[in-house]
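An overview of the molecular structure
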Amino acid sequence: MTSKKYHLLFLVVLIGILVQGLFAQDDNTYINKSSDSVVFPRTINSDSIITDSINDIIIDSVSNQSDSTLLQKETNAIDAPIDFSAKDSIVMTMDGRSLIHLIGEASVGYKDLNIDGEYLEVDTDSSTVFATYGLDSLNVEYGYPLFKDGDTSYEMKKARYNFKTKKMFVNNVITQQGEGFLTAGETKKMPNDDMYMRNGRYSTCDEHDHQHFYLQLTKAKVQPGKRVITGPAYLVVEDVPLPIALPFGFFPFSSDYSSGVIMPTYGDELSRGFSLRDGGYYFAFNDYVDLAVTGEIFTKGSWGLDARSSYRKRYKFNGNFQASYRVTKTGEDKRDPDYKKQTDMMIKWSHSQDAKANPFNSFSANVNFSTSSYSRNDISSIYSNDYTQNTKSSSINYSLRPPNSPFSFNMNASINQVSRDTTIGITFPNMTISMRDVYPFRRKEIVGSLKWYENIRLSYSGALSNSITAKENEIFKKNIIKDWRNAMQHNIPISASFNLFKNISITASVNYNERWYTSAINKEYDYSKRQTVAVDTTYSFYRIYDYSASISANTKLYGMYKPWGGFGEWAKKTQIRHVLSPSVTFTGAPDFGDSRYGFWQKLNYIDSDGNVEETYYSPYEHNIYGVPSRGKRGNLSFSVDNNIEMKVPIADTDSTKKISLIDQFKFSSGYNFLADSLNWNNINANLRIKFGSAYTLSLQGQFDVYLYDTKGRPINKLRIANGKGLGRLRSTGTSFSYSINNSTIKNLFSKNKEKDIITSATEGDSSLSDIEQDNAIAAEDAVDAAKRTSLRQAKNVDTNYDDDGYYISSIPWNLNLSYSLSVGYDLRNFNSEKREYPYTTTQSLGISGNITPAKNWNFSFNTNYDFDAKKFVTMQCSISRQMHCWQMSASIIPLGPYQSYTFTIAVSSSLLRDIKYTQSSNYRDSKYWGE
């Protein structure tokens, strides 16, 4: 038994010695660790060649062969010439070995392979080439060897390559793979281009001599353009190893996208607990469509699923689709009063068809549908405009235009949401049919001028609609017959146009409208509510129609004005033009409120004073397309539009420029000859003034021309006849937005200075000749190109310094203001003593902006001011910092019901985006901030 133990121990020791010998041989085959840096001078001769330790490597296939026959056979195996060149000198030596020394921007080429470097040494006996860099008088390294094989390139400090075996040993190699860079102290390149590295680094930081972060790879295998497979690796940030290690790593590189795992993001909230978010799987189905399925889960029971897909077919269509489902639970126990469970969903879909796909039909979609509480429960919506968006709309459209047909068809479905009261309005289907103008009396072959009747044109438009408006939780409980509103409308206009006295355009038209409804509501007067109320709804087919005729005339009058010449030569070249555009239209229609039509019903009731009053209602007024109006119409409407422009001369030139003084000033009104009372229409006015090309002021107003009784009803007494002016402002409003930045101020006050700078820059330095300037520019370009070829040079050079070395301080900023104002009657409050409606004012102010206080820093904000509450109701602030290969961002909502914050520091590259730190809160947690 003891003998067997000794035999077993001897066998283990023997195996260990053999394994150690094998690994020692492999290490020697890999590279000699004692290799050091070698300095090659600018000029060199055969006696001053310095051999370094890389030439003393115990080399297998790369080393010199002792068998001359084998050497001869291998030498003859090279099937293409080797080209070489050097800018400084080429020295050949025959001291036991045939060597060619290439000095100064040297290059060796063989087929698709090329090696560049400051110093190259070619051994013609062994078919090997050695490359290294040089040192200048200040011991600054330059001329790093660059190895190119097809589309693959490597930059290194020293390398030895064998043309026959296609193996290469490399010191301090740098190669770009995908978005990142691989560096390694010792590397062996195999004939199939695979690279075996030891003590390597992988990073997306391009400061290779001092990378801000990297993954330290103990050993790695690189398949260029495909993948990197590593052994144990750990993260190093600013030369500090972090306790974040990986037992192995796999980094795929491919020009084609591929499927893969999406790593989740860690987070925590007081109300929902710890979480893993946005983790899942990405499916790369083909070149046309993909799919990303992600989810989130919280320790207190909340969870969610998301699906995102993009699709595209060139010259056909493209689109994006996203669907989400969320279950949000807050509180610890169902029995707690704070416990709450909400189920939300969201669908977003955008689709557009290429115009070249089909000229006769098109399909598009813009869907943004979600439950009212989705934005409040989705973290990504908190720091966007979605959470403050009160209304959402979605639509899907399809249009068809058959060739050689006057008809076109359009079908769409739409959804409108109001998050404030969870109201949803659905219209589906909604179809329109239209026919372009046809001239039924026009000759097929026109000879001479057209007759008046040949200008008669006919068209048609029809619409079919089905819609409903209901609460979010009731929409699927509604009856499609009783609760949905269905209707169809037909419109047939017939018109003709001709000129009168050459300058007056006359248009005569007849218009016919017909509506088809499926329901009617009968009403009665409710004395307790003092209003009409619905008592019965009938469902049948109802045909409602109306028709009218009109004739209109319009023209343009031009007036020119020249300022008095006594104002100088400038005034003589100035002209002011006034364009007056009057228009008159007469429209006639019967009284469709007459009982013989049956479109309106009359109700008699006794008011509180015992008087018999009457009111009218239409059983069809609840339907989509409305009902014909009551009363005869013999309405004469008129409008006058004004435009005033001025042409002024441009200083020191013969040209002029146009300035708009009043872009539009229009007022309109009308008079109904057949009405029993209240014949005059209200006066409408529009004013638009342009201040340059950046800002336009628009004002719209409506003026009341009649007085009111004690109950707030208009009476047949004109204001102008009772000494109260032509009309009283009923409503008006305006809105504008303005953007200002540092360039705006600079252009305003520094025009002459900028002109001088531009002039001096274009003229150049007159002290140099044209040839000297061209040579100087070419030399600078060559230096810049040389710097760009080296991966080891600093990539981000700060050029914000003037010629004297002072820093050029530039702080870009931008401020955006948006303001809207509306003034109108407060119809809920009537002053019976003054017999007037008081005014109510609605204002809104939005402010947003950004500033870059220093290089790579950016600060932005947006807020809204509530004039009724007299405070800022919402605000969002964000700050970001670009740190070369890292980026930091923070956002905070300090005001309003969604107070929260988020902070992220992450690697800029999308390849290593999972290397990040994130800290955030939820708006639900803001109630704990003061505790």
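A quick note: this is a predicted structure, and the numbers were derived from the prediction, not measured.

Moving on, we get to the pairing of strand 21 (residues 273-284). One ladder, built from three bridges, connects strand 19 (residues 260-262) with strand 21; its direction is antiparallel. The residue of strand 21 that forms the bridge with isoleucine 262 is glycine 280. The sheet contact formed by strand 20 (residues 265-269) and strand 21 spans five bridges and is antiparallel. Across the sheet, the residue bridging to tyrosine 266 is leucine 276, located in strand 21. Between strand 20 and strand 21, which pair antiparallel one after the other, the connecting turn spans three residues. The turn linking strand 21 back onto strand 22 (residues 290-298) is made up of five residues.

As for its placement among the helices and strands, isoleucine 506 is situated in strand 32 (residues 504-526). Residue isoleucine 506 is classed as buried on the basis of its relative accessible area of 10%. With 45 residues separating them in the primary sequence, isoleucine 506 and isoleucine 551 have C-alpha atoms 7.2 Å apart. If near-sequence neighbours (up to four positions away) are discounted, isoleucine 506 is found in contact with Ala496, Ser497, Phe498, Leu500, Ile551, Ser552 and Ala553.

A few words on the side chain of asparagine 412. Relative to the helices and strands, asparagine 412 resides in strand 28 (residues 407-418). Judged by its relative accessible area of 16%, asparagine 412 falls in the buried class. With sequence-adjacent residues up to four places away left out, asparagine 412 is seen in contact with Ile396, Asn397, Thr427, Pro429 and Asn430.

Turning our attention to the confidence of the model for the chain. Taken residue by residue, the chain gives an average pLDDT of 80. The fraction at 70 or more is 81%. Helix 2 (residues 68-75) is the least confidently modelled element of the chain, averaging 36 in pLDDT, while strand 35 (residues 575-589) averages 94, the highest of any element. Considering only residues more than four positions removed or in separate chains, one finds that residues 751-769, a stretch of pLDDT under 50, has five contacts.

Once that is clear, we can look at the state of the cysteines. Think of a disulfide as a covalent bridge from one cysteine sulfur atom to another cysteine sulfur atom. The full count for this structure, using the stated rule, is zero disulfides. You can see cysteine 205 has no disulfide; the closest cysteine sulfur is in cysteine 885, sitting 3.6 Å from it. The class for cysteine 205 is buried, based on a relative accessible area of 0%. With relative accessibility at 5%, the residue cysteine 885 sits in the buried group.

A cluster of nonpolar residues, Tyr266, Phe274, Leu276, Ile297, Trp303, Leu305, Tyr325 and Met345, forms a patch on the protein surface that exposes about 790 Å² of accessible area. Broken down by secondary-structure element, the contributors of at least two residues to the nonpolar patch are strand 21 and strand 23 (303-313). As for its position among the elements, phenylalanine 274 is in strand 21.

With that settled, consider the pattern of salt bridges. Pairing is possible between side chains of opposite charge, provided their charged atoms come close. Enumeration over the complete set of coordinates arrives at 25 salt bridges. The residue lysine 221 makes a salt bridge to aspartate 194 at a minimum N-O spacing of 3.9 Å. Here the residue lysine 221 occupies a position in strand 14 (residues 213-223), and aspartate 194 occupies one in the loop between strand 12 (180-189) and strand 13 (195-203), the gap between them amounting to 27 residues. Lysine 221 gets classed as partly exposed once you look at its relative accessible area, which sits at 27%. Of the residues examined, aspartate 194 reaches a relative accessible area of 8% and is grouped as buried.

This paragraph deals with unusual backbone geometry. Each neighbour pair has its own omega, and for phenylalanine 428 with proline 429 the value is -5°, a cis peptide bond. Mapped onto the secondary structure, proline 429 falls in strand 29 (residues 423-438). We note that lysine 111 has phi near 55°; this positive angle belongs to a residue other than glycine. The phi torsion at phenylalanine 501 lies on the positive side, around 55°, for a residue other than glycine. In this structure, phenylalanine 501 sits in the loop between strand 31 (485-500) and strand 32.

Procedures and definitions
- Residues numbered from 1 in each chain as written.
- Predicted model: local features only at pLDDT ≥ 70, side-chain atom pairs only at ≥ 80, totals over all residues.
- Heavy atoms only, no water.
- Pairing = 2+ DSSP bridges.
- Helix = DSSP H or I, 4+ residues; strand = E, 2+ residues; numbered from the N terminus.
- Buried < 20%, exposed > 50% of the residue type's maximum accessible area, 1.4 Å probe, protein only.
- Contact = heavy atoms within 4.5 Å.
- pLDDT = per-residue confidence, 0-100.
- Disulfide = S-S within 2.5 Å.
- Patch = residues over 30% accessible without salt bridge, like charges linked within 9 Å, V, L, I, M, F, W, Y side chains within 5 Å.
- Areas by Shrake-Rupley, 256 points an atom, 1.4 Å probe, with all protein chains shown as cover.
- Salt bridge = Lys/Arg side-chain N within 4 Å of Asp/Glu carboxyl O.

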